[in-house]
Amino acid sequence: MILWENLRMKLMTAINILLVSAMLTFSPLVCSGENADFRSALLSSPKQGYILRGVIQPATGAAVDNDVNDPNAFYQSNDTVSSAQEITNPVTLSGYVNQPGSGPAGRSRGRGDTVDVYKVKLLAGQTVSLFIAGDGLHDDLDLGLYDLKGQLLDMSSGLDRVESLVVETSGDYLIAVAAAAGASNYTLTLGQSLAVASHDMRLSAAFMPGEAVVHFREGLATAAHGTWVRAQARGLTARSRQEPGERNRLLRLNDWRGIQSPSRPACALPAVLPDASASVDADVEARLETLCMVKSLSLDPDVASATLNYLRQPLFVPNDPLYRFQWHYPQINLPQAWDLTTGADTIVAVVDTGVALGHPDLQGQLITGYDFISNRANALDGDGIDPDPNDVGDRSNPDGSSSFHGTHVSGTVAAATNNQTGGAGVAFGAKIMPLRAIGRFGGSSYDIEQAVRYAAGLPNDSGTVPPRRADVINLSLGSTASSSADRAAYAQARTAGVVIVAAAGNSANSTPLYPASYPGVISVSAVTINKTLAPYSSFGPNIDVAAPGGSTATDVNGDGKPDGVLSTAANDVNDTLVYDYPIWQGTSMATPHAAGVIALMKALAPNLTPDDIDNLLASGSLTDDLGAVGRDNRFGYGLLNANKAAIAAANSGGQPVDPVPVLAVNPTALNFGIVSNQQSLTVFNAGLGDLTVNPPTEDSGGWLMIAPDEINANGMGSYQVSVNRDGLADGVYSATLTFTSNVNTAEIKVIMQVANNLSAGAIGQQYVVLVNIRTRQSVSTMARRQPDGSYVYTLRGIPAGTYQIFAGSDANNDFYICDAGESCGAYLTLDDPIALRVRRNRRNLNFVSGYTLNLADFQSASTSSRPGPVARRKGRDLITTD
């Protein structure tokens, strides 16, 4: 039975959810949002008015824990071996666990829901990742891999916000997520076999069982009978050994048992699961106890550091640990272009919200910039125009947190690369000129014009110009307003020799956006991982080129992550600044790909002018044609090809290079999940010169088929890839498609599941919120789940006005939807919600709700130090941008 009071409170949360502040003239093409408290207003709806209807579809590969804290959500226990919940593979799953008495009031607060158990078929090499919505310390979750008898095989039990494991052998498994302390939402992902940076607090790590390397803090214990006092008594401290200072020491289990402090259990998962038929393995138990010893010591205030006693072997570790998720770079053939140039000695000005100057992946990549926000209320830094472009936060989200939009854009342009941190940048040899022009309310056209003038070395309101003007200006911003004076300003910057690149917009229509639609400005639309026009992307006669903007609603390559654009950013929820690496989507994300590629070109041919760039673009020298032959209104002159662009630049004023053909395939991996039967891929020449492609081969044994769709005489073009599940037993299947050519070979990993008893996707109980943009009043409803996993909603009695529609789940029952680890969506897209004019009844207001991930902690999961304070990430602050 639905608890009406609980439902009423949830629906009341609507009033504040995801309110989008009115911008001045320009705004970054982003709608950052927040969680919303249903308690903040009374639920009300006029008796007469219009009716709005729609369907909320689950994102591809989505699933949800069957026993979350929300009393309105579907319930089925999944706490034991016998009640394990079967899930698909790949999957992105939202869940919630808690210790008794922890977390918000709800279904599981009193008795607790300490463990969730899932049954799944896994392939060797696959990665199982757990993203914890809490801080990973006070809200501490563990991840375990068990056999079907309930015997522990591997466990990840650190104090970070991400736990991850790698599957060694294909087979059927149980995955357990357990709360060691507190309560938290979580996101569990399973992905294709990609190289990963391993987590060091794993049962399967190479370490000496029964031993820890510990460093006690200097000085006295924190309590009269603390760990340090007991260690002193056992001769384990520097003082007891008459040494001048503390150092790393070897601590064995017997020593630890004698000095440990009474505290919360360090590990949440046992050697065997509840109701398991397996017996305890002595070796597993010894390794488990060692892992828990180290974790307990790490929590002890008398201990500076504690680690496992690792067995060291030579290992290959990817240099940029998140590059494996940046599918958008191979899509435009960046790796081949990097063989020619990295963009050295070029400058890209990013006119945006400024840049979080302390981000670790932008160190050494920035030059002197400026802050051109003239209105103090909009600037939020206490002054007007000043020489500090640091992004202090635009506080544009309803919860008071900030977008850090410019930091994400800058990371795509030129994040540091090969520094063992985060991801890569397009032109990582270039420098970024950070120019702050967008603040709390957006950016005025005048402030943006002054930033553009500064970047071009023209007189401006700062009274100064940079020592060297920028080569390229990136404008991931816009509005529908234009003027002749504004147009003239951009024309002057172009005349000064600067190439200007701007986002086409995220309105999914042909309405021109400015400055992208001004003459002389390169307008960039966005494509998905499949090279189709992104569902949000604007289009029209002013589009010049397409670049990767992604779609966070899909996981086509099956890596367990949304197919958006990964880059640098920051988060200041609760006034705690955290540097991170979110996955966003939008034309704002596509534009810096183009700006970075032009920087690569300028590095090879510094004398290239804006006219030269335009001519090369129009000739097809910088792109691969998409859509209608030649220029069209969706992709302009085609999809950006960084390698072709670099070669064109080298042959147009640089050092000429011989044309080298390169066989490439897009996408580089395919995920058919449990319902998809057919997908397409494109085989093309990523370089120049003659390329002949042989017929492809596959090693599936018969269930995978590939056939030409539209190919030329040399075997290049589109192919249809299909799967046949008939006669196959339930399970996860993988295969490899191989293309050979006269130059190189390309392999495409394919994953598919047969699961007749599993649904295609689940996103948890959805609550729909309609927000009046002008008055900020709202009405809400609880959507009705359909057999296919979608949710149908109806909003009645809606007065005429302009609205935005949002939806999300509330797994932890804190009366906030769209928390980290909860599904979230908006009409038309979460990244740029459409302003919907209601003057009549409306139907087919359909959109997608799903889970998106921030990978800030994933790339550093191997660190063993105790983390500092991390603000709890609520709402859509990390999962929504354009």
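Conventions and cut-offs
Residues numbered from 1 in each chain as written. Predicted model: local features only at pLDDT ≥ 70, side-chain atom pairs only at ≥ 80, totals over all residues. Heavy atoms only, no water. Helix = DSSP H or I, 4+ residues; strand = E, 2+ residues; numbered from the N terminus. Buried < 20%, exposed > 50% of the residue type's maximum accessible area, 1.4 Å probe, protein only. Contact = heavy atoms within 4.5 Å. Areas by Shrake-Rupley, 256 points an atom, 1.4 Å probe, with all protein chains shown as cover. Phe/Tyr/Trp six-rings, centres within 6.5 Å; stacked < 30°, edge-to-face > 60°. Salt bridge = Lys/Arg side-chain N within 4 Å of Asp/Glu carboxyl O. Pairing = 2+ DSSP bridges. Axes fitted to C-alpha atoms, helices over the stretch in contact; angles between N-to-C directions. Polar contact = N/O pair within 3.5 Å; in protein donor to acceptor, adjacent residues only side chain to side chain. Core = buried A, V, L, I, M, F, W, Y, C linked by side-chain atoms within 4.5 Å. pLDDT = per-residue confidence, 0-100. Disulfide = S-S within 2.5 Å. Left-handed = near helix turned anticlockwise from the far one by under 90°. Nonpolar A, V, L, I, M, F, W, Y, C, P; charged D, E, K, R; others polar.

**Quick word on the overall build of the protein**
Counting secondary structure elements, the protein contains 13 helices and 45 strands. Within the protein, the proportion of its 882 residues that are buried is 61%. When contacts within the protein are restricted to residue pairs at least 6 apart in sequence, long-range pairs at least 24 apart make up 75% of them. By element, 51% of the accessible surface of the protein is carried by carbon and sulfur atoms, the whole surface being about 31000 Å².

**Examining the packing of aromatic side chains**
Under the criterion given, the structure shown has 12 aromatic pairs. On the basis of an interplanar angle of 45° and a centroid distance of 6.2 Å, the ring pair of Tyr323 and Trp338 is categorised as tilted. With Tyr323 in the loop between strand S15 (303-310) and helix H5 (328-331) and Trp338 in helix H6 (residues 334-338), the pair connects residues that are 15 residues apart, well separated along the chain. With relative accessibility at 26%, the residue Tyr323 sits in the partly exposed group.

**Digging into the pattern of salt bridges**
Tallied over the full model, the rule gives 16 salt bridges. Here Asp345 makes a salt bridge to Arg468, at a shortest N to O gap of 3.0 Å. Within this pair, whereas Asp345 is found in the loop between H6 and strand S16 (347-352), its partner Arg468 is found in the loop between helix H9 (445-455) and strand S19 (472-475), the two being separated by 123 residues in sequence. Accessibility expressed as a relative area gives 63% for Asp345, which makes it exposed. Overall, Arg468 belongs to the partly exposed group, its relative accessible area being 34%. Between Asp611 and Arg494 there is a salt bridge, with the nearest N and O atoms lying 2.6 Å from each other.

**So, the sheet that holds strand S37 (residues 745-754)**
On the basis of which strands lie adjacent, the open sheet formed by four strands has the order S31-S37-S36-S33 and mixed pairing. Both edges of this open sheet fall to strand S31 (669-671) and strand S33 (697-698), since each of them pairs with a single strand only. Taken together, the three bridges between S31 and S37 define a ladder with parallel strand orientation. When the sheet's bridge partners are listed, Asn671 is paired in S37 with Ile751.

**A short note on the sheet that holds strand S34 (residues 704-711)**
Ordered by their spatial adjacency, four strands build an open sheet running S30-S32-S35-S34, and the pairing between neighbours is antiparallel. The open sheet has two edge strands with one neighbour each: strand S30 (663-666) and S34. Along the sheet, successive strands turn relative to each other by an average axial angle of 25°, direction set aside.

**Topic: helix H13 (residues 642-650)**
Where burial is concerned, most of H13 is hidden: nine out of the nine residues are buried. Among the residues of H13, Ala642, Asn643, Lys644, Ala645, Ala646, Ile647, Ala648, Ala649 and Ala650 are the ones counted as buried. Buried residues in H13 make contact with H6, helix H11 (587-604), helix H12 (610-618), strand S28 (623-624) and strand S29 (639-640). The backbone nitrogen of Asn643 has a side-chain oxygen 3.1 Å away, supplied by the residue at the start of H13, namely Asn641.

**Overview of unusual backbone geometry**
Following Asn89, the chain continues to Pro90 via a peptide bond in cis, the omega torsion being 0°. Checked against the element boundaries, Pro90 lands in the loop between strand S4 (85-86) and strand S5 (91-98). Here the residue pair Tyr514 and Pro515 is connected by a cis peptide bond, since its omega of 20° sits within 30 degrees of zero. Along the chain, Pro515 falls in the loop between strand S21 (499-503) and strand S22 (521-527).

**Focus on the nonpolar core**
In this structure, Leu334, Val501, Ile522, Val524, Met601, Ile613 and Leu622 are the most contacted members of the largest nonpolar core, which totals 58 residues. For this core, the element with the highest residue contribution is H11, accounting for nine residues. Residues contacting Leu334, with those up to four places away along its chain left out, are Tyr329, Val426, Leu600 and Ala642. The next biggest cluster of nonpolar side chains, apart from the first, holds 39 residues, and it includes Ala176, Ala205, Leu297 and Tyr310.

**Observations concerning the pairing of strand S13 (residues 207-216)**
Where S13 lies against S15, six bridges are found, and the strand directions are antiparallel. Looking at the pairing, Phe216 lines up with Val303 of S15.

**Thoughts on the pairing of S19**
When a strand is regular, its side chains alternate between the sheet's two faces. Burial along S19 is two-sided: Val472 and Asn474 and Ile473 and Leu475, pointing in opposite directions, are all buried. As judged from the three bridges shared by S16 and S19, these two strands associate in the parallel manner. Bridging from a neighbouring strand, Val350 pairs with Asn474 of S19. Two elements, S19 and S21, share four bridges in a ladder whose sense is parallel. Within S21, the position partnered with Ile473 by the bridge is Ile500.

**What about the confidence of the model for the protein?**
Per-residue pLDDT for the protein has a mean of 85; in total, 87% of the residues score no lower than 70. For the stretch residues 312-318, pLDDT sits under 50, and the model shows one contact to residues farther than four places along the chain or on other chains. Low pLDDT (under 50) marks residues 860-882, which in the prediction has 101 contacts with non-local residues, meaning those over four places away or in another chain.

**Structural notes on the state of the cysteines**
Taken as a whole and judged by the stated rule, the model has two disulfides. Here Cys267 is linked by a disulfide to Cys292, with a sulfur-sulfur distance of 2.2 Å. Because the sign of the S-S torsion sets the handedness, a value of about -130° for the bond joining Cys267 and Cys292 places this disulfide among the left-handed ones. With Cys267 in the loop between helix H3 (253-259) and helix H4 (282-299) and Cys292 in helix H4, this pair connects stretches of sequence that are 25 residues apart.

**Here's the deal with the packing of helix H8 (residues 405-414) against H11**
Contact geometry of H8 with H11 gives a least axis separation of 8 Å together with a crossing angle of 35°. Taken as a pair, H8 and H11 cross one another with a handedness that is right-handed. Of the residues in H11, those in contact with His405, His408, Val409, Thr412 and Val413 of H8 are Ser588, Met589, Pro592, His593 and Gly596. A class-by-class count of the residues in the contact of H8 with H11 yields four nonpolar, six polar and no charged.

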